[in-house]
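# What the coordinates show
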Amino acid sequence: MDYGRGARPEILNRICSLNMQGLSGYGEDEISKASRKKILEECGLHEGMVFFLVGGTQTNAIAIDWLLRPAEGVIAADSGHINVHESGAIESDGHKVIPLGAKDGRLDADDLREYLSEFFADPTWPHMVVPGMVYISQPTELGTLYTLSQLKALRKVCDDFGLKLYIDGARLIYALGSPENNVTLQDLAALADAFYIGGTKCGTLFGEALVIPGPYTDRERTRLFSLIKRHGALLAKGWLTAAQFDVLIGEGLYKKIGKEAVALALKLKAEMQFLGLHPFIDSHTNQQFFILPNKAARQLARTVSFDTWGAPGPTHTRIRLVTDWATTPDTLNQLLATLHRLPL
């Protein structure tokens, strides 16, 4: 898991340095204002809004609730996080998640266009939940990446049908750190109606930075501020999250974290393939998915924390192993030594 430890020491040090300063609440302090400015600059935005929230599910629920009108739903890959692992959080706000078949976790622009064309060709569509936006994540739930051309193709379909495009960035830092990635923060800011930069899985104690490219009026900002409050997500000590992103993004730490974690993940992938183990998804990010004999999976579970991906089969189990901001070459070598002792 990439959320099993606390935070980078640099981030903890910043929090400690601010601990007794006495700062304004609800993100109206100078630290929050400076951090927002740095994030917008890093995204190449002259205008826009940044809100600091606590967790990914919370951020998705707020962003989707803000972008959609009543009776509208959100299209997501059938394997997407909001469709599978958020316990109906989006539906609880009155917005249906509309699952669409995906390819290795990615929505395909042609499939999306075909679905929307058929939907709006039905004369009874006003009686249905209307697709109002598209949700994707970068990387996907399966560790795969959207290329820049794929994102542009999705944006074109959204524009043609009047839909919003929202990008979940819980593990965005690890996408940016992949050698296979050709998408930048600036690209996301140019293509998405909203996206977020994850911190919880990427070196902060907690927190996600929701970025909404501008321009926006003060009234629209206040509306979103009020919606965050309504969701119970307005942190009184907002500077705690902002200070963490001031280090993560403002000081460029996210670039180092992403590259280092992905390099270790790819080393793990190569070693597992050398041992004759087969990936069931070809991931180039910090999540690696492999198939193990059940006996080997049970033995590995005695000393290593990992996720099973779906129910175990009669003979084999699909597992996910994840490197993160706290993984070191030494800990990876310990894992590799354990793998070499498995009954494969």
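Located above this text is the structure these notes cover.
Residues numbered from 1 in each chain as written. Predicted model: local features only at pLDDT ≥ 70, side-chain atom pairs only at ≥ 80, totals over all residues. Heavy atoms only, no water.

## A few points about the sheet that holds strand S8 (residues 278-281)
Taken together, 4 strands build an open sheet; the order of strands is S8-S9-S11-S10 and the sheet is antiparallel. At either margin of the open sheet sits one strand with a lone partner, and together these are S8 and strand S10 (307-308). Pairing between S10 and strand S11 (residues 316-322): 2 bridges, direction antiparallel. Its bridge partner lying in S11, Thr308 is registered against Ile319. On the sheet, helix H11 (residues 253-274) packs against S8, strand S9 (287-293) and S11 and is oriented at approximately 20° with respect to S9. (Pairing = 2+ DSSP bridges. Helix = DSSP H or I, 4+ residues; strand = E, 2+ residues; numbered from the N terminus. Contact = heavy atoms within 4.5 Å. Axes fitted to C-alpha atoms, helices over the stretch in contact; angles between N-to-C directions.)

## Quick notes on the nonpolar core
Counting 56 residues, the largest nonpolar core has Ile39, Ile75, Leu107, Val134, Ile136, Phe195 and Ile197 as its most contacted members. If near-sequence neighbours (up to four positions away) are discounted, Val134 is found in contact with Val74, Ile75, Leu107, Leu112, Cys158, Leu163, Lys164, Leu165 and Tyr166. (Core = buried A, V, L, I, M, F, W, Y, C linked by side-chain atoms within 4.5 Å. Buried < 20%, exposed > 50% of the residue type's maximum accessible area, 1.4 Å probe, protein only.)

## Remarks on the state of the cysteines
The full count for this structure, using the stated rule, is 0 disulfides. Looking at Cys43, it has no disulfide partner, and the nearest cysteine sulfur is the one in Cys202, 14 Å off. When its relative accessible area of 2% is taken as the criterion, Cys43 is described as buried. (Disulfide = S-S within 2.5 Å.)

## Some details on the packing of aromatic side chains
Using the criterion set out here, one finds 10 aromatic pairs in the structure. Look at Phe119 and Trp125: their rings are 6.3 Å apart centre to centre, the planes differ by 45°, and that puts the pair in the tilted class. With 5.5 Å between their ring centres and 75° between their planes, Phe280 and Phe289 make a pair best called edge-to-face. An aromatic cluster is present here, built from Tyr115, Phe119, Phe120, Trp125 and Phe161 joined pairwise through their rings. (Phe/Tyr/Trp six-rings, centres within 6.5 Å; stacked < 30°, edge-to-face > 60°.)

## Digging into the pairing of strand S7 (residues 208-213)
Most of S7 is tucked away, with 6 of its 6 residues classed as buried. As judged from the 4 bridges shared by strand S6 (residues 194-198) and S7, these two strands associate in the antiparallel manner. Each residue of the ladder has a partner; that of Gly198, found in S7, is Glu208.

## Digging into the environment of Ser283
Looking at the secondary structure, you find Ser283 in the loop between S8 and S9. Each C-alpha atom, one on Ser283 and one on Ser178, is 9.8 Å from the other, the two residues being 105 residues apart in sequence. Excluding residues within four positions of it along the chain, Ser283 makes contact with Leu142, Gly143, Leu266, Lys269, Gln288 and Phe289. A polar contact of 3.1 Å, which involves the side chain of Ser283, links it to the backbone oxygen of Gly143. (Polar contact = N/O pair within 3.5 Å; in protein donor to acceptor, adjacent residues only side chain to side chain.)

## Quick look at the sheet that holds strand S2 (residues 72-77)
Here 7 strands make up an open sheet; going across it, the order is S1-S7-S6-S5-S4-S2-S3 and the pairing mixed. On the outer flanks of this sheet lie strand S1 (48-53) and strand S3 (97-100), each paired with one strand and no other. Direction aside, neighbouring strands of the sheet carry axes that sit 25° apart on average. Across 6 bridges, S1 lies against S7 in antiparallel orientation. Each bridged residue has a counterpart across the sheet, and for Phe51 the counterpart in S7 is Leu210. Across the face of the sheet, helix H3 (residues 56-67) comes into contact with S1, S2, strand S4 (130-137), strand S5 (164-168), S6 and S7 while running at roughly 175° to S5. Across the sheet, helix H10 (residues 239-248) lies against S1, S6 and S7, angled at about 115° from S1, the strand it touches most.

## Some points on the packing of helix H1 (residues 9-18) against H10
Across the interface, H1 lies against H10 with an axial gap of 9 Å and an inter-helix angle of 135°. By the angle between their directions, the pair H1 and H10 is classed as oblique. In terms of crossing hand, the pair formed by H1 and H10 is right-handed. In this structure, H1 uses Glu10, Ile11, Arg14, Ile15 and Leu18 to contact H10, whose residues at the interface are Trp239, Leu240, Ala243, Gln244, Asp246 and Val247. Each residue belonging to the contact of H1 with H10 can be placed in one class, and the counts come to 7 nonpolar, 1 polar and 3 charged. (Parallel < 35°, antiparallel > 145°, perpendicular 65-115°, else oblique. Left-handed = near helix turned anticlockwise from the far one by under 90°. Nonpolar A, V, L, I, M, F, W, Y, C, P; charged D, E, K, R; others polar.)

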